[in-house]
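Observations on the model geometry
The residues making up each chain are set out below.
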Amino acid sequence: MNSLVQLTREGAVGVITIHNPPVNALSPGVPEGILACVEAIVADGKLRAAVLIGSGRTFIAGADIKEFGKITSGERTRGVGLNPILEQIENAAKPVVAAIHGTAFGGGLEVAMACHYRVAVAGAQVGQPEVKLGLIPGAGGTQRLPRLVGSAKAAELCAFGEPISAQVAFDLGLVDCIADGDLLRNTRKTELPAANLSPVFLRDLVARQAPFALLSGAVAFAMTLAAPRRTSGLTAKLAEFDRDSLTKKVTQKLRGRQAPLRAIDAVAAAARMSFEEGLAEEARLFQECLYSDESKSLIHAFFGEREVSKVPGIAGKSDFAVRKAAIIGAGTMGGGITMNYVNAGIPVLLKETTQEALDKGMATIRRNYESTVAKGRLSREEAERRLALITPALSYDGFEDADIVVEAVFEGLDLKKKIFTEIDAVARPGAILASNTSTLSIDEIASATKRPQDVIGHHYFSPANVMRLLEIVRGKASSPEVIGASLAIGKKLGKVAVVVGNCRGFVGNRMFHPYRREAQFLVEEGASIPEVDEVLYEFGMAMGPLSVGDLAGLDVGWRIRKEFKHLEKPGIRQPLVEDQLCEMGRFGQKTRAGWYQYDEQRNRLPDKAVEALVRQAARDAGIERRNVSREEILDRCIYGLVNEGARILEEGIALRSVDIDIIYLNGYGFPAHRGGPMFYADTVGLDKVYARICEFERAHGELWTPAPLLKRLALEGKRFADFQPE
Ligand code: 3H9
């Protein structure tokens, strides 16, 4: 009983309500408040049972994640810990029922399992997602969950962290009753198969001569209970499980992660040890995870994803509604962007210049949906409904009532400017005019219109219907309303939208340039092509830098390099081979040849001819080949990213270092457990990163001049995370 937790009475049931918006996290005071209420109910002779419920949108979404950083940084000493409190709740003399809506995640589910029974609404979700934060359940989850659902299932739930629905939880024995309607007070009768009822509950029902009818609200449910049933005392479902096969699955799916393996260790301990010993083992493993870089990185990513939507000077919420979108270009990007809109239920007018291109684009979209249907991830009806939202078009007819126009044609400034002049003539006043350019200046594009304030970049990443990242490129004239509306549209489309400034390549591609450049230099200097890819893959990147070029199409960069050739500083070293590959028609996977060869199933095979081409090019350029260490491969590629990221930050192209991290985690396959390039550099220590970059500068010259911001922060002993723009 405190301001966070309150006790009220519903007849003979004490109702404990948590008020800790927005998600009723277990912040300091919440567990203590719950315990105080339970104690008051036990002491009150008029009350028979307790119901624990969350106010607002959810039950309890878990421990307060902000607290972990305070503990590891030493800002806060660890409190009493949740376990002793949960033990006292579990040992209460009267039944305690958790009433679950929204989510019972992490510590929230652990609280619910320390209660004696669980009632949930059908829409609720429960789970132990701690591994997604690089942690394991730390308040008995790895010990109580196997007692309720069995060791094998518990290990899977704790290792992957995926939530389950109330119905699945009910089938597994984790939830005792699904409430039909109002969670607390519903009195509608519902039928449940007796086999799913707990023995105590069933006995109680039999005693009432109503074995198949019950009152499903939590209060009514609590009234039927004869006695507490303590999860820690259940042992029937504890058993050894196939650890090897689960470990194999985890190492494949969650490459490089440690926490899922520790979660399996902790659940396995439940079958071997007493409840108390198991809790101690869980606590030991939890501590190990809590102080890991993996956990710090994943927590940084969790908050970062939410932070990027908060842009200074841009109002939090926009009421801009997109009732209809118009998209120009039905190629790979335009098609993917169209799918994003129709997936969100927004009708799209999709324009092309020829019937042939339009038919081809529509056929690709249809094929994509069919493949999702074939995989069982979408119903046929839903796929047809989404396809029906697309109106193919060969003219601008109908553009006048679109709320947003997205241009997604080939990268070419003249072409884009021509299109924007045309859009300007047809779009309604106030419509957003967005370009999907990946490199060109938004200001240049906006200059082709009479309304530069409405022009903005919406840079999607390929495949646009899959990749979560959306770079919102603000031009110098883009209005705050258009930026705010773009953030809201990104959210509606299920994207992680990050606002960036206007420069060549914006944030993501500008940094990717030195990253891929170094990969190519390393190959010229003596590393093998597969070795460079392998080092970055082992670091955790979704793909190595040369393979990624083959996937995206080497011709894309080739075309851009031609367009920008006049901007290159003479005398600066350029990669030697990629343009040659393109001249040979080796564009990557789509031509089944690039840095590698590809068979019909697109399996990657090394190509001796390309290695020979590299050696020849290096010889012609007078580059002396040598043994390149794996450490050098990693540092040159990753610090190439970091050094450019530091410049981007200093120039204000990215608002905060976390914005850069979120871009890399969601658009470039950077491993989440390393937190993003800037966080990774902070983890290594900027003094060390700076020293290594100085080494590279001595060896390779001005391409490696340390960014002034990096130098300054390194010398001041600070991190990128400490940087505040002036
Ligand atoms: C744990 O429990 C360890 C235990 O084993 C105990 C060990 C002793 N804490 O996501 P949203 C904030 S580990 C603090 O935008 P949605 C979030 O930052 C934890 N804050 O809403 C945001 O703040 P803001 C295990 C939290 O509806 C606001 O709430 N639990 C927490 O899209 C709204 O969040 C998890 O990992 C938290 N636990 O999604 C669950 N959760 O408005 C993590 C959220 O200032 N949370 N916030 O930006 C989630 O998965 C989603 O937030 C949830 C809601 C599905 C709950």
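Just so it is clear, the structure is predicted and the values come from calculations on it, not from any experiment. (Residues numbered from 1 in each chain as written. Predicted model: local features only at pLDDT ≥ 70, side-chain atom pairs only at ≥ 80, totals over all residues. Heavy atoms only, no water.)

**Quick look at the overall build of the protein**
When helices and strands are counted, the protein shows 30 helices and 21 strands. The C-alpha atoms of the protein give 29 Å as radius of gyration, which agrees with the globular expectation for 726 residues (27 Å, within 12%). If one aligns the C-alpha atoms of the protein with their principal axes, the spans along those axes are about 90 × 60 × 55 Å. Out of the 726 residues belonging to the protein, those deemed buried represent 56%. Counting only carbon and sulfur atoms, one obtains 53% of the accessible surface of the protein, whose full area is about 30600 Å². (Helix = DSSP H or I, 4+ residues; strand = E, 2+ residues; numbered from the N terminus. Rg over C-alpha atoms; globule rule 2.2 N^0.38 Å. Buried < 20%, exposed > 50% of the residue type's maximum accessible area, 1.4 Å probe, protein only. Areas by Shrake-Rupley, 256 points an atom, 1.4 Å probe, with all protein chains shown as cover.)

**Describing the site of the ligand**
If you check the shell around the ligand, you find 25 residues, and the closest are Arg-57, Gly-107, Glu-110, Glu-130 and Lys-310. Gly-138 has a polar backbone atom sitting 2.9 Å from an oxygen atom of the ligand. Of all the secondary structure elements, the ones that give two or more residues to the shell around the ligand are helix 2 (65–72), strand 5 (103–105), helix 4 (107–114) and helix 13 (293–307). Ranked by the residues each element gives to the shell around the ligand, the list is headed by helix 13, at three residues. Broken down by class, the residue content of the shell around the ligand amounts to 14 nonpolar, five polar and six charged. (Near = heavy atom within 4 Å. Polar contact = N/O pair within 3.5 Å; in protein donor to acceptor, adjacent residues only side chain to side chain. Nonpolar A, V, L, I, M, F, W, Y, C, P; charged D, E, K, R; others polar.)

**A short note on the confidence of the model for the protein**
For the protein, the average pLDDT comes to 93, and 95% of its residues sit at 70 or higher. Overall, residues 187–200 carries pLDDT values under 50, and its contacts beyond four positions in sequence, including any with other chains, amount to 30 contacts. Here residues 202–214 is modelled with pLDDT under 50, and outside its nearest four sequence neighbours on either side it reaches 27 contacts, counting other chains as well. (pLDDT = per-residue confidence, 0-100. Contact = heavy atoms within 4.5 Å.)

**Re the layout of surface pockets**
A probe matching the size of a water molecule, rolled over the atoms, marks out where space remains unfilled. Considering only enclosed or pocket space, the second largest pocket measures out at about 920 Å³ in volume. Taken together, 32 residues make up the lining of the second largest pocket; nearest its centre are His-300, Phe-303, Phe-679, Arg-719 and Ala-721. The leading source of residues in the lining of the second largest pocket is helix 13, at eight residues. (1 Å grid on protein atoms, 1.4 Å probe; cavity = no way out; pocket = protein on both sides within 12 Å on 5 of 7 lines; lining within 4 Å. Points joined across faces, edges and corners; volume = space filled by probe spheres on them.)

**Remarks on the sheet that holds strand 16 (residues 432–435)**
Reading across the sheet, the eight strands line up as 14-13-12-15-16-17-18-19 and stay open at both edges, with mixed pairing between neighbours. At either margin of the open sheet sits one strand with a lone partner, and together these are strand 14 (390–393) and strand 19 (496–500). Ignoring strand direction, the axes of neighbouring strands in this sheet form an average angle of 25 degrees. Taken together, the four bridges between strand 15 (residues 404–407) and strand 16 define a ladder with parallel strand orientation. Bridging across to strand 16, Val-406 finds its partner in Ala-434. Seen against the sheet, helix 17 (residues 413–426) touches strand 12 (325–328), strand 15, strand 16 and strand 17 (455–460) and runs at an angle of roughly 165 degrees to strand 16. (Pairing = 2+ DSSP bridges. Axes fitted to C-alpha atoms, helices over the stretch in contact; angles between N-to-C directions.)

**A short note on the pattern of salt bridges**
Considering all chains together, one arrives at 49 salt bridges under this definition. Here Glu-538 and Arg-630 are joined by a salt bridge, their closest N and O atoms 3.0 Å apart. Here the residue Glu-538 occupies a position in helix 21 (residues 529–539), and Arg-630 occupies one in helix 26 (residues 630–650), the gap between them amounting to 92 residues. Given the relative accessible area of 53%, Glu-538 is considered exposed. Two residues, Asp-555 and Arg-559, come together in a salt bridge whose shortest N-O distance is 3.6 Å. Separated by four residues within a single helix, Asp-555 and Arg-559 lie in helix 23 (residues 554–564), roughly one turn from each other. The class for Arg-559 is partly exposed, based on a relative accessible area of 38%. (Salt bridge = Lys/Arg side-chain N within 4 Å of Asp/Glu carboxyl O.)

**Here we look at the domain arrangement of the protein**
Examined at the domain level, the protein breaks down into domain 1 (5–291), domain 2 (325–500) and domain 3 (508–722). Averaged C-alpha coordinates put domain 2 and domain 3 at centres separated by 29 Å. In this assembly, 17 residues from domain 2 lie in contact with 13 residues from domain 3. In total, domain 2 and domain 3 occlude about 1200 Å² of area from one another, counting both sides; carbon and sulfur atoms represent 62% of this. Contact with domain 3 buries area across many residues of domain 2, yet Thr-439, Leu-469 and Val-498 alone supply 29% of it, more than any other trio. Counting the contacts that link domain 2 with domain 3 gives zero salt bridges. Seen at the junction of domain 2 and domain 3, the total is two residue pairs in polar contact (both at pLDDT 80 or more). Listed by contribution, the elements that provide at least two residues to the side of domain 2 that touches domain 3 are strand 18 (469–473) and strand 19. (Domains from an automatic or database assignment. Buried area = accessible area lost by both parts, 1.4 Å probe.)

**Considerations on a positive patch on the surface**
The grouping of Arg-57, Arg-306, Lys-310, Lys-317 and Lys-491 at the surface amounts to a positive patch. Structurally, Arg-57 can be placed in the loop between strand 3 (49–54) and helix 2. (Patch = residues over 30% accessible without salt bridge, like charges linked within 9 Å, V, L, I, M, F, W, Y side chains within 5 Å. Lys, Arg positive; Asp, Glu negative; His and termini not counted. Charge placed at Lys NZ, Arg CZ, Asp CG, Glu CD.)

**Examining the pairing of strand 6 (residues 117–121)**
The buried fraction of strand 6 amounts to five of the five residues, a majority that puts the element mostly inside the structure. In this structure, strand 4 (residues 96–100) lies alongside strand 6, joined through four bridges in parallel fashion. From the neighbouring strand, Ala-98 faces strand 6, where its bridge partner is Arg-118. As paired strands, strand 6 and strand 9 (residues 177–179) are joined by three bridges and run parallel to one another. Paired with Val-121 across the strands is Ala-179, a residue of strand 9.

**Concerning the nonpolar core**
Residues Trp-595, Ile-638 and Phe-720 are the most contacted members of the largest nonpolar core, which totals 97 residues. A per-element tally of this core places helix 26 first, with ten residues. The residue makeup of this core includes at least three contributed by each of domain 2 (325–500) and domain 3 (508–722). Each residue touching Phe-720, except ones within four places of it in the same chain, is listed here: Val-642, Ala-646, Leu-649, Ser-657, Met-678, Ala-681, Asp-682, Leu-686, Leu-709, Leu-710 and Leu-713. Core analysis: the next-biggest nonpolar cluster, separate from the first, contains 95 residues, Leu-183, Leu-225, Leu-261 and Ala-268 among them. (Core = buried A, V, L, I, M, F, W, Y, C linked by side-chain atoms within 4.5 Å.)

**Some remarks on the environment of Thr-17**
Along the chain, Thr-17 turns up in strand 2 (residues 13–18). Non-local contacts of Thr-17, meaning those with residues more than four positions away in its chain, are made with Leu-4, Val-5, Gln-6, Ile-53, Gly-54 and Ser-55.

**Comments concerning empty space enclosed by the protein**
Using the criterion set out here, one finds one cavity of 30 Å³ or more in the structure. Of the volumes computed, that of the largest cavity is approximately 30 Å³. Around the largest cavity, the lining residues are Glu-411, Thr-439, Leu-440, Arg-559, Ile-560, Glu-563 and Phe-564. When grouped by side-chain class, the residues that make up the lining of the largest cavity number three nonpolar, one polar and three charged.

**Brief notes about the side chain of Glu-67**
Tracing the sequence through the fold places Glu-67 in helix 2. Leaving out residues up to four positions away in the same chain, Glu-67 has contacts with Pro-28 and Arg-76.

**Some details on the packing of helix 5 (residues 141–149) against helix 6 (residues 151–160)**
Remark: helix 5 packs on helix 6, axes separated minimally by 7 Å, with the N-to-C direction vectors making an angle of 135 degrees. Comparing the axis directions of helix 5 and helix 6 gives the class oblique. Remark: the crossing between helix 5 and helix 6 carries right-handed chirality. Contact with helix 5, carried on its side by Thr-142, Leu-145, Pro-146 and Val-149, involves Ser-151, Lys-153, Ala-154, Leu-157 and Cys-158 of helix 6 and no other residues of that element. Here the residues of the contact of helix 5 with helix 6 sort into six nonpolar, two polar and one charged. (Parallel < 35°, antiparallel > 145°, perpendicular 65-115°, else oblique. Left-handed = near helix turned anticlockwise from the far one by under 90°.)

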